[in-house]
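If you want the building blocks of each chain, they are given just below.
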Amino acid sequence: RVPANATSLEGSLVHELAHHLEVSCPTHVEFRPVFLAAQGYPTDTHWFANVAWEYKPSEQFAEAVVVATLGERRRHQLTLQITPEALSATRDWLQAEA
C-alpha cells in the first residue's frame, strides 16, 4: 500500500531501504547481536522471528534507521518500541566506515 502523503512516504522509503541494508550489507550480520542486546533480546534471537510485526527485530531495526535518518518516526510510534540504546547503536553502525 502506498502511503497517503509525502511525509509518510518518506518514512516508508527509509524503512524499506533499511531492509535492503539487512540483506546487502556484509557488516549487518555482525551488527545484529549488538542491536538485539540493545533492544533487550538475547543475542541469538532470530532476526526475522515468526512473531507479530512490532516484535520482529528486523522491523525494529528498520524503524531505528528511520529515526536515525529522519530524526523522528512518522508511523508506528505507538506499536513498535525502540530503546535509546538500540537507536544509538543503529546510528553508530550507519555512520561507521566500511
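**Q** Explain the packing of helix α2 (residues 28–38) against helix α3 (residues 57–70) to me, please; I cannot follow it from the model alone.
**A** Packing of α2 against α3 leaves a shortest axis separation of 11 Å and a crossing angle of 95°. Between α2 and α3, the angle falls in the class roughly perpendicular. When α2 is examined against α3, the residues H28, F31, F35 and L36 are found in contact with a partner set consisting of P57, Q60, F61 and A64. Partitioning the contact of α2 with α3 into residue classes produces six nonpolar, two polar and no charged.

**Q** Mind showing me how you'd approach the packing of aromatic side chains here?
**A** The geometry of an aromatic ring pair comes down to the distance between the two centres and the angle between the two planes. Under the counting rule described, the total for this entry stands at seven aromatic pairs. With 5.9 Å between their ring centres and 90° between their planes, F35 and F61 make a pair best called edge-to-face. Placement of F35 in helix α2 and of F61 in helix α3 is noted, with a sequence separation of 26 residues between them. The structure contains a cluster of three or more aromatic residues connected by ring pairs, namely F31, F35, W47, F61 and W93.

**Q** Could you clarify how one ought to interpret helix α1 (residues 6–24) in this entry?
**A** A turn of α-helix holds 3.6 residues, and therefore any two residues three or four places apart point the same way. Between its first and last C-alpha atoms α1 spans 26 Å; for 19 residues at 1.5 Å apiece the expected length is 27 Å, and the two agree. When α1 is considered as a whole, its buried residues turn out to be S8, G11, S12, V14, H15, A18, H19 and E22. With its buried residues spanning 160° around the axis, α1 presents them on a single face. Residues of α1 that are exposed and point more than 90 degrees away from the buried face comprise A6, L13 and V23. Contacts from the buried residues of α1 go to α2 and α3.

What counts as what
- Residues numbered from 1 in each chain as written.
- Predicted model: local features only at pLDDT ≥ 70, side-chain atom pairs only at ≥ 80, totals over all residues.
- Heavy atoms only, no water.
- Axes fitted to C-alpha atoms, helices over the stretch in contact; angles between N-to-C directions.
- Helix = DSSP H or I, 4+ residues; strand = E, 2+ residues; numbered from the N terminus.
- Parallel < 35°, antiparallel > 145°, perpendicular 65-115°, else oblique.
- Contact = heavy atoms within 4.5 Å.
- Nonpolar A, V, L, I, M, F, W, Y, C, P; charged D, E, K, R; others polar.
- Phe/Tyr/Trp six-rings, centres within 6.5 Å; stacked < 30°, edge-to-face > 60°.
- Expected span 1.5 Å × (residues − 1).
- Buried < 20%, exposed > 50% of the residue type's maximum accessible area, 1.4 Å probe, protein only.
- Arc of directions from axis to C-beta.

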